[in-house]
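Close look at the chain arrangement
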Amino acid sequence: MSRIVYVNGEYLPEDEAKVSVFDRGFLFADGVYEVTSVLDGKLIDFDGHAVRLERSLRELDMAAPCGKDELLAIHRELVARNEISDGLVYLQVTRGSDGDRDFVFPGADTQPTLVLFTQSKPGIRDSAASKNGIKVISIEDVRWGRRDIKTVQLLYPSMGKMMAKAAGCDDAWMVQDGAVTEGTSNNAYIVKGRKIITRELSNDILHGITRAAVLRFAAEAQMEVEERNFTIEEAQAADEAFVTSATTFVMPVVEIDGAQIGAGAPGELAKRLREIYIEESVKAGV
Ligand code: PDD
């Protein structure tokens, strides 16, 4: 079934949607994005994603294509038109183009390009990965220094997932100066005793919207949280490990670089957090 997608003010069948070959998103990866999950047809944490989008745009001196209310209306319209129950809405804003390739940004009157589309993911709540946990490898983090901005420069994360796949694993955790930064498309955590440990926020990692919600729920459930660096060796010796993102929610990690974590099965705390996250997020969804 063909999807209806959104491009610059129009809702179109996916094979009729077009963006210029001169668009700076295509030529320079000059764009930012958001992924908002959908559960029971409701948008999860829409406000958090909209606020982070505004910040990404501001940091790159890129014009906002429209206001938050209009963005919400477009998200809802796409969810309705494509009959999405469980899945996601992908949004991308690029700097557009003045019709040539030039490293210098085009004039302020250049219209940004706004594209949104949906992906249906039935069964995402009870996926095999969420029940069995995932295996990760570690790789060096060679990305640029502004990982707090959610840009579409995702070649290295894609390469990381391919390296993981070649090693018979599901994903990779990136390491910089001996400490884990984050997963290729998620934030990384370990659990020692009843304490959740995750890297502190900085330009080195994306400020995950799921991370913020999960840490809030953890605190409400009287779980202890410590925001600090940790190494792969510390993670391998931890009781539990997990990742969070809008597409995986809370996903247990059961193996790191061949070393089994805890009992080699999803940990109790990660399982509990996943339940709480999904339940509370659906309640608060819009
Ligand atoms: N990725 N870190 C990185 C590098 C990410 O790409 C993502 C999200 C996260 C988690 O952020 P959030 O909780 O706001 O989804 C952390 C999205 C899902 C993606 O690229 O598909």
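The protein carries the name Probable branched-chain-amino-acid aminotransferase in an unreviewed UniProt entry, which gives Candidatus Rhodobacter oscarellae as its organism. The Function (unreviewed entry) field of the UniProt record for the protein holds the comment "Acts on leucine, isoleucine and valine." Under the heading Sequence similarities (unreviewed entry), UniProt records this for the protein: "Belongs to the class-IV pyridoxal-phosphate-dependent aminotransferase family."

Looking now at the layout of surface pockets. The calculated volume of the largest pocket comes to roughly 670 Å³. In terms of lining, the largest pocket is formed by 32 residues, of which the most central are Tyr33, Lys150, Leu154, Thr184 and Ser185. Element by element, the count of residues in the lining of the largest pocket is highest for helix α5 (residues 155–166), at five residues. Three or more residues apiece are contributed to the lining of the largest pocket by two domains, here domain 1 (4–125) and domain 2 (128–284).

Below, the discussion takes up the domain arrangement of the protein. Accessible area lost during the coming together of the parts is what is often quoted as the interface size. You can read the domains of the protein as domain 1 (4–125) and domain 2 (128–284). Taken together, the contacts link 24 residues of domain 1 with 24 residues of domain 2. Here domain 1 and domain 2 share an interface that buries about 2,200 Å² over both sides, 63% of which is from carbon and sulfur atoms. Between the two partners, domain 1 and domain 2, sit two salt bridges. A salt bridge links Arg146 to Glu59; its shortest N-O distance comes to 2.9 Å. Applying the counting criterion to the domain 1 and domain 2 interface returns nine residue pairs in polar contact (both at pLDDT 80 or more). Here the side of domain 1 that touches domain 2 is composed, by residue class, of ten nonpolar, six polar and eight charged.

Within the element layout of this structure, Glu34 appears in strand β3 (residues 31–39). A distance of 2.7 Å separates polar atoms of two side chains, one belonging to Glu34 and the other to Arg52. Ignoring any residue separated from it by four or fewer positions in sequence, one finds Glu34 in contact with His49, Arg52, Leu53, Val89, Tyr90, Leu91 and Lys150.

Here six strands make up an open sheet; going across it, the order is β2-β1-β6-β5-β3-β4 and the pairing antiparallel. Of all strands in the sheet, those bounded by a partner on one side alone are β2 (10–13) and β4 (42–43). Sheet analysis places strand β1 (residues 4–7) next to strand β6 (residues 113–120), joined by two bridges and oriented antiparallel. Across the sheet, residue Val7 finds its bridge partner in β6, namely Val115. Each of β1, β2, β3, β4, β5 (87–94) and β6 is contacted by helix α3 (residues 68–81), which is oriented at about 35° to β6, the strand it contacts most.

The environment of the ligand is made up of 20 residues, and the closest members are Tyr33, Glu182, Ile209, Thr210 and Ala246. Ala246 has a polar backbone atom sitting 2.8 Å from an oxygen atom of the ligand. For the ligand, the cavity whose grid points lie within 2 Å of the majority of its atoms is the largest pocket. Its residues assigned to classes, the shell around the ligand shows five nonpolar, eleven polar and four charged.

By convention here, two paired aromatic rings are described through the distance between centres and the angle between planes. Inspection of every chain in the model, using the stated rule, returns eight aromatic pairs. Taking 5.2 Å as the distance between ring centres and 70° as the angle between the ring planes, the aromatic pair formed by Tyr6 and Tyr11 counts as edge-to-face. Relative accessible area serves as the criterion here: at 5%, Tyr6 is assigned to the buried category. Consider the rings of Tyr189 and Phe242, whose centres lie 4.5 Å apart with planes at 10°: the pair is stacked. Placement of the pair is Tyr189 in strand β10 (residues 187–192) and Phe242 in strand β13 (residues 240–245), with a sequence separation of 53 residues. The exposure class of Tyr189 is buried, given its relative accessible area of 0%. Ring-pair connections join several aromatic residues into one group, and the members of that group are Tyr33, Tyr90 and Phe117. Here Arg24 stacks its cationic end above the ring of Phe28, 4.4 Å away from the centre of that ring. Against the face of Tyr11 rests Arg81, its NZ or CZ located 4.4 Å from the ring centre.

Attention shifts here to the nonpolar core. Of all hydrophobic cores here, the largest spans 23 residues; its most connected members are Val93, Leu114 and Leu116. Those elements that provide at least two residues to this core are β3, α2 (46–59), α3, β5 and β6. Per-element tally for this core: the top contributor is α3, with five residues. When near neighbours in sequence (up to four residues on either side) are disregarded, Leu116 contacts Val5, Tyr6, Ile74, His75, Leu78, Val89, Tyr90 and Leu91. Of all hydrophobic cores here, the second largest spans 22 residues; its members include Ile124, Ile196, Phe249 and Tyr277.

Rules of the game
Residues numbered from 1 in each chain as written. Predicted model: local features only at pLDDT ≥ 70, side-chain atom pairs only at ≥ 80, totals over all residues. Heavy atoms only, no water. UniProt positions renumbered as here; feature names shortened; annotations may be inferred. 1 Å grid on protein atoms, 1.4 Å probe; cavity = no way out; pocket = protein on both sides within 12 Å on 5 of 7 lines; lining within 4 Å. Points joined across faces, edges and corners; volume = space filled by probe spheres on them. Helix = DSSP H or I, 4+ residues; strand = E, 2+ residues; numbered from the N terminus. Domains from an automatic or database assignment. Contact = heavy atoms within 4.5 Å. Buried area = accessible area lost by both parts, 1.4 Å probe. Salt bridge = Lys/Arg side-chain N within 4 Å of Asp/Glu carboxyl O. Polar contact = N/O pair within 3.5 Å; in protein donor to acceptor, adjacent residues only side chain to side chain. Nonpolar A, V, L, I, M, F, W, Y, C, P; charged D, E, K, R; others polar. Pairing = 2+ DSSP bridges. Axes fitted to C-alpha atoms, helices over the stretch in contact; angles between N-to-C directions. Near = heavy atom within 4 Å. Sits in = over half its atoms within 2 Å of the grid points. Phe/Tyr/Trp six-rings, centres within 6.5 Å; stacked < 30°, edge-to-face > 60°. Buried < 20%, exposed > 50% of the residue type's maximum accessible area, 1.4 Å probe, protein only. Lys NZ or Arg CZ within 6 Å of the ring centre and 35° of its normal. Core = buried A, V, L, I, M, F, W, Y, C linked by side-chain atoms within 4.5 Å.

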